[in-house]
Structure formats: C-alpha cells, structure tokens
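Residue-level listing of the chains:
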Amino acid sequence: MISFLSRLFIKDRTNYNDSTVRKKYGTLTGITGIFLNICLFAGKFIAGIVTGAISITADAFNNLSDAGSSFVTLMGFRLAYKEPDSGHPYGHGRMEYISGFIVSIMIILMGFELGKSSFERIINPKDIETGTLSIVVLTVSIVVKVYMNFYNRHYGKLLNSASMKATATDSLSDSVATSVVLISVIIARITGVSVDGYVGMAVSLFILFAGIKSVKDTIDPLLGQPPEQDFVNKIYKIANSYDQIVGIHDLVVHDYGPARRMISFHGEVPENGNINELHEVIDRCERQIRKELGCETIIHMDPIAVNDEKVNKLKSILVKKIKDYNPDITIHDFRVVDGPNRQNVIFDAVVPIECKDKSADVEKKLGELVRELPGNCYGVIDIDSQFINSNEPPQPKISHGKYIL
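On a predicted model such as this, the values are computed, not experimentally measured, just so you know. (Residues numbered from 1 in each chain as written. Predicted model: local features only at pLDDT ≥ 70, side-chain atom pairs only at ≥ 80, totals over all residues. Heavy atoms only, no water.)

### A look at the overall build of the protein chain
Counting its regular elements, the protein chain contains 11 helices and eight strands. In terms of overall dimensions, the protein chain is more spread out than a globule: its C-alpha atoms have a radius of gyration of 29 Å, far above the 22 Å expected for 405 residues. Within the protein chain, contacts between residues at least 6 apart in sequence are counted, and of these 69% link residues at least 24 apart. With an accessible surface of roughly 20600 Å², the protein chain has 59% of that area assigned to carbon and sulfur atoms. With 43 positive and 46 negative side-chain charges, the protein chain shows a spacing of 4 Å between the two charge centroids. (Helix = DSSP H or I, 4+ residues; strand = E, 2+ residues; numbered from the N terminus. Rg over C-alpha atoms; globule rule 2.2 N^0.38 Å. Contact = heavy atoms within 4.5 Å. Areas by Shrake-Rupley, 256 points an atom, 1.4 Å probe, with all protein chains shown as cover. Lys, Arg positive; Asp, Glu negative; His and termini not counted. Charge placed at Lys NZ, Arg CZ, Asp CG, Glu CD.)

### Considering the nonpolar core
The biggest cluster of nonpolar side chains holds 22 residues, and the ones touching the most others in it are Ile235, Ile263, Phe265, Cys285 and Ile289. Elements that contribute at least two residues to this core include exactly helix 8 (229–240), strand 1 (247–255), strand 2 (261–270) and helix 9 (275–293). Excluding residues within four positions of it along the chain, Phe265 makes contact with Ile235, Ala239, Ile248, His249, Asp250, Leu251, Ile289, Thr297, Ile298, Ile299 and His300. Membership of the second largest hydrophobic core comes to 20 residues, among which are Val311, Leu314, Leu318 and Ile329. (Core = buried A, V, L, I, M, F, W, Y, C linked by side-chain atoms within 4.5 Å. Buried < 20%, exposed > 50% of the residue type's maximum accessible area, 1.4 Å probe, protein only.)

### Considering the pattern of salt bridges
What the rule picks out here adds up to seven salt bridges. Glu280 serves as the salt-bridge partner of Arg284, at 3.1 Å between the closest nitrogen and oxygen. In this pair, Arg284 and Glu280 both sit in helix 9, four residues apart, roughly one turn of the helix. Residue classification places Glu280 among the partly exposed residues on the basis of a relative accessible area of 36%. Salt-bridge contacts for Lys321 lead to Glu372; the nearest nitrogen and oxygen are separated by 3.0 Å. On the criterion of sequence distance, the pair formed by Lys321 in helix 10 (residues 309–325) and Glu372 in the loop between helix 11 (359–371) and strand 6 (377–384) is long-range, its members being 51 residues apart. (Salt bridge = Lys/Arg side-chain N within 4 Å of Asp/Glu carboxyl O.)

### A look at the sheet that holds strand 4 (residues 330–338)
Taken together, three strands build an open sheet; the order of strands is 4-5-6 and the sheet is mixed. Looking at the sheet topology across the chains shown, the edges are occupied by strand 4 and strand 6. Averaged over neighbouring strand pairs, the angle between their axes works out to 15 degrees when direction is ignored. Strand direction decides the pairing type here: strand 5 (residues 343–350) and strand 6, joined by eight bridges, are parallel. Paired with Val350 across the two strands is Asp384, which belongs to strand 6. Against the sheet, helix 10 touches strand 4, strand 5 and strand 6, its axis set at about 135 degrees to strand 4. Packing of helix 11 onto the sheet brings it into contact with strand 5 and strand 6, and relative to strand 6 it is tilted by some 150 degrees. (Pairing = 2+ DSSP bridges. Axes fitted to C-alpha atoms, helices over the stretch in contact; angles between N-to-C directions.)

### Observations concerning the confidence of the model for the protein chain
Mean pLDDT over the protein chain stands at 80; residues scoring 70 or higher make up 92%. Of all secondary-structure elements in the protein chain, the lowest mean pLDDT belongs to strand 8 (residues 402–404), at 33, while helix 9 reaches the highest, 92. Per-residue pLDDT stays below 50 along residues 390–405; that stretch engages in 39 contacts with residues further than four places along the chain or on separate chains. (pLDDT = per-residue confidence, 0-100.)

### As for the environment of Tyr81
As for its placement among the helices and strands, Tyr81 is situated in the loop between helix 3 (54–80) and helix 4 (95–123). Tyr81 sits in the buried class, given a relative accessible area of 9%. As for Tyr81 and Ser19, which are separated by 62 residues in sequence, their C-alpha atoms are 7.0 Å apart.

### Quick notes on a nonpolar patch on the surface
A surface patch of nonpolar side chains, about 350 Å² in accessible area, is lined by Phe45, Ile49, Phe61 and Leu64. When residues of the nonpolar patch are traced back to their parent elements, those giving at least two are helix 2 (19–51) and helix 3. With respect to the element layout, Ile49 can be found in helix 2. (Patch = residues over 30% accessible without salt bridge, like charges linked within 9 Å, V, L, I, M, F, W, Y side chains within 5 Å.)

### A word on the packing of helix 2 against helix 5 (residues 132–159)
For the pair helix 2 and helix 5, the least separation of the axes is 10 Å and the interaxial angle reads 165 degrees. The pairing of helix 2 with helix 5 is recorded here as roughly antiparallel in orientation. Helix 5 is crossed by helix 2, and the crossing has left-handed handedness. The residue makeup of the contact of helix 2 with helix 5, split by class, is 14 nonpolar, nine polar and three charged. (Parallel < 35°, antiparallel > 145°, perpendicular 65-115°, else oblique. Left-handed = near helix turned anticlockwise from the far one by under 90°. Nonpolar A, V, L, I, M, F, W, Y, C, P; charged D, E, K, R; others polar.)

### So, the packing of helix 4 against helix 7 (residues 196–223)
The contact between helix 4 and helix 7 brings their axes to 7 Å, and the two run at 165 degrees. By the criterion of interaxial angle, the relationship of helix 4 to helix 7 is roughly antiparallel. Judged by the twist between their axes, the crossing of helix 4 over helix 7 is left-handed. The residue makeup of the contact of helix 4 with helix 7, split by class, is 20 nonpolar, 11 polar and two charged.

Structure, rendered in structure tokens:
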C-alpha cells in the first residue's frame, strides 16, 4: 500500500537523500499508521468489552497509543525539515531522533500500564468470553501489525530514520503481544482455564524490553555515534576515484539529523602538484560527495611527498614496525625533516578507541620504534582521536613512489 501511494504522491520517490522526499515519506507512513491503529483500537476495544478479556482491552489501548506514536513520528518528520533559523543554523533535523525517542518512551509506559493491569487480573481472576469475534479481531490485528512492521522497517532503512525504526520495533512487539493474547484466548476456549492475567504480564515484559532497546537505538544518534560503515566506504570510494587525491585521513562526520550531515577530512595530494589544479580537484570532490551523499563537505588539502625514495623507505619500515606492535594503529602526514644532528620523523598516529594502552604510552612506544629506524631518527608524534570505527577501509600505502590501495 505504501509503495502504491508513494507512486501517486511522491515525485522522485527513490531519491531517499532528498529532504522533500524524506518529509513526504514521513507524512505518508505517519498518516497510514494513525489510520490503521485507530481501526485496530476500535475492533479490539469492542471485542474486549464483549468478551471481558483484560488482555484484549489492554491490547486495544496499546494500539491507541500506537496511533499517538504515529502522530509523533509524523510531527517529527515535519518539524525536522523546518528551514534553518538564527537559533538553529544547522536546521532541525534532530527532531526526527527526538520523535523516535518519544515513541520509545511511550512504548515503555504502555508496557508498564499493561503489566499493572495484568497483575491486578492475576490477583482477581475473571472468566472471559472466548467467542469467534475475539479470535477474528486478534488474527486480523496480527496481520496488520506485521505489515506495519514491514513497511516501517523497510523505509526506515532506506531513509535511515530513527523514528521509523522505532515505530517498526513497536509494531513487531505489538504483533508478538497480540499473538500471545490470541493463544491465551484459544487456550481458554479449549481448556476453560483462564491465563488472561499471566499472558498480559508476559506481553508487558516483552513490550518493556522492546521499548528499552528502542530508547537506546534512538538516543545513540543524539549522544553522538560513529557513522555507518557503508557511509564511510562511500566517502572513501568517491575520494579515491580522483588520481590526484592519494589518500584521506581525519574523517569526521557531524550528524544534525538524516539528510543534514556535514563531513570533513584531510585529502592528501602530491606536494609537487599544481596548486590551482589540485584545488579544483578538491572542489569537484566536495561537489560530488554533496550530490551523491546529500551532505555538506569540507576537505583540507594536505600536501605530501609521494616520489621521495628516502621518505617512502622510512615510512614503509615504520609502518611494518607499527603493524607488528598494534595492527589497528595507522599513521598519516608523514614527513622527514633533516636537522644538524638527527632526522625528525614527523607524523600523526590514529589510535583505536578500544586500545587498552594510554595515549602517552602509545606515543612513547612509537617514539622507540622511530629511533630504531636507520639514520639517527627522532619522532615528533601527534596522537589523533578516532572519530570512526576501527574497521575503517584500509589506508592507501606507498609502492614505487605511488600510493595504491
């Protein structure tokens, strides 16, 4: 249904990085979610009143809260694409994350309320009516919720939407919860034994668990998490497609919400190249990243020696020594400056966040490795912070005066 409606109402519907397209998908899925959840609430509420089953009635109000969640998702998308203003120069994109967080909190509250009602039913058990109406309503509800999970998960992944992913989690938990309620109704119908309260308690615990997980998934982007590896790989692929850019490092991604990301990195270029030509290449790379990935890009141009046999040899030896010490440490901005009594080997080292050694200890060890190089070498080392995962794409290396992957 969402795919059909998107063909009717969303122009350029496959351009998922476009802010207008994202906003329309958010509106479409939000309105669809509100409509479906209100229909489910009405059907379950009637069935709950007729049968007297607390689990069905609680499940009905769970769907009513889901309609509220869909409304929050809808408003989150619309607020996220307000134009930047003086108070928010980077836009309002993080409202999408905040709306996902609110949905997650609503999931937890509903789980708590359902647990409370179920505990009361365990203390004061009541017989329930197990007619065909309740079975039909619950079965239809499961099918609808599975479908809602499917389309929210599908478009949440395509749009990288935290709020859609949270709604997908909510729909999945609802389908499982309703399945358990259906099983309890069938058990009561076959055996005459009412497990209504116990089933409701089990459902509440499942909903609470799903809500807590969803909170983590939506709050991580707000706190600042590393970018997705696929996104990093695309940046490397674009940058490395230019012959004049022989390597990149110090990649930083600033996330102000989906489709509102800014990135910066250092692009290594030959120090003997034409400055105007290299600058034009850097500009083209920035424009290509902006066009293909939908994010603003700033590239700092780093001139390096690529045909200096002496520098290449020293770097090759040092890289091997560092790899033997810790294969996850990478180096960049490698230079050799001759002094009156020694050679200053200058470079930056990127140390993984997971590294157990302190930065000072790593710097000391790298200094010792530099002193093992031929030619009375002394290390001038800067330890860089790591802003992306340690399993980043391999850094270029020198071979015969040329950087290759």
